[in-house]
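# Tertiary structure, described
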Amino acid sequence: MDAKKAGISRLLLAAPDLRRSTWMMRSPAFLQMCEAYERACLRRDALRCSAEKEDEALLRSETECKSLEAAAIAYIRKQRQFSGLA
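Residues numbered from 1 in each chain as written. Predicted model: local features only at pLDDT ≥ 70, side-chain atom pairs only at ≥ 80, totals over all residues. Heavy atoms only, no water.

When helices and strands are tallied, the protein shows three helices and zero strands. Ordered by position from the N terminus, the helices and strands of the protein form the series α-α-α. Classification of the 86 residues of the protein by burial places 35% in the buried group. Contacts spanning at least 24 positions in sequence make up 66% of the contacts within the protein whose residues lie at least 6 apart. (Helix = DSSP H or I, 4+ residues; strand = E, 2+ residues; numbered from the N terminus. Buried < 20%, exposed > 50% of the residue type's maximum accessible area, 1.4 Å probe, protein only. Contact = heavy atoms within 4.5 Å.)

What follows covers the side chain of Glu69. Positionally, Glu69 belongs in helix 3 (residues 55-83). There is no salt bridge for the buried Glu69, and the closest opposite charge comes from Lys66, which lies 4.2 Å off by N-O distance. Those residues within four positions of Glu69 in sequence are excluded, and the remaining contacts are Leu11, Ala14 and Tyr37. (Lys, Arg positive; Asp, Glu negative; His and termini not counted. Salt bridge = Lys/Arg side-chain N within 4 Å of Asp/Glu carboxyl O.)

Another aspect to go through is the packing of helix 1 (residues 3-14) against helix 2 (residues 28-49). Two numbers describe how helix 1 lies on helix 2: the axes approach to 7 Å, and their chain directions differ by 80°. In terms of orientation, helix 1 and helix 2 fall into the roughly perpendicular class. On the side of helix 1, the interface is formed by Ala3, Lys4, Ala6, Gly7, Ile8, Arg10 and Leu11, while helix 2 contributes Phe30, Leu31, Cys34, Glu35, Tyr37, Glu38, Arg39, Cys41, Leu42, Arg44 and Asp45. A per-class count over the contact of helix 1 with helix 2 returns 10 nonpolar, one polar and seven charged. (Axes fitted to C-alpha atoms, helices over the stretch in contact; angles between N-to-C directions. Parallel < 35°, antiparallel > 145°, perpendicular 65-115°, else oblique. Nonpolar A, V, L, I, M, F, W, Y, C, P; charged D, E, K, R; others polar.)

Moving on, we come to the nonpolar core. Within the largest apolar cluster, 18 residues are counted, with the highest numbers of intra-cluster contacts made by Ile8, Leu11, Leu18, Met24, Phe30 and Ile76. Only helix 1, helix 2 and helix 3 provide two or more residues apiece to this core. Ranked by residues supplied to this core, first place goes to helix 2 with seven residues. When residues no more than four places from it in sequence are discounted, the contact partners of Ile8 are Met25, Phe30, Leu31 and Cys34. (Core = buried A, V, L, I, M, F, W, Y, C linked by side-chain atoms within 4.5 Å.)

Our focus in this paragraph is the side chain of Arg44. With respect to the helices, strands and loops of the structure, Arg44 is situated in helix 2. A relative accessible area of 11% means that Arg44 is categorised as buried.

In this model helix 1 runs 16 Å from its N-terminal to its C-terminal C-alpha over 12 residues, within 8% of the 16 Å that 1.5 Å per residue would give. Among the residues of helix 1, Ala3, Ala6, Gly7, Ile8, Leu11 and Leu12 are the ones counted as buried. (Expected span 1.5 Å × (residues − 1).)

Looking now at helix 2. Look at helix 2: 32 Å from first C-alpha to last across 22 residues, which is about the 32 Å you get at 1.5 Å a residue. Among the residues of helix 2, Phe30, Leu31, Met33, Cys34, Tyr37, Glu38, Ala40, Cys41 and Arg44 are the ones counted as buried.

Counting across every chain of the model gives nine salt bridges. In this structure, Glu62 engages Arg48 in a salt bridge whose closest nitrogen and oxygen atoms are separated by 2.8 Å. Of the two residues, Glu62 is situated in helix 3 and Arg48 in helix 2; the sequence distance between them amounts to 14 residues. Overall, the relative accessible area of 39% leaves Arg48 in the partly exposed class. Linking Glu56 and Arg60 is a salt bridge whose minimum nitrogen-to-oxygen distance equals 3.8 Å. Taken together, the residues span about one helical turn, with Glu56 and Arg60 both in helix 3 at a distance of four residues.

Right, dumping it as C-alpha cells:
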C-alpha cells in the first residue's frame, strides 16, 4: 500500500463520519496531507516500538500526527461545507 492510501485509511479510521467523502480522493492537497500524515504516523510508530524510548521525540511525533490529522479533517469538513456536500 502506498503512503497516500495508507494515510487515507488511517484518517478514515480516526474520522469514520468522513468515509462518504469520495470527492477528496481527487484533491491533490488532501492527498498530500494524507501522505504527510502517514509518514508522520510511521515515524511515531517506530518511536513507540523502539527499545530505547525517547520520550521527547515521541511526544513531538504524537503532536505532529494529531496536528496533521486535525488539519486533514478540518480540510474535508470545510470543503464539504463550502461545496454544499455536507
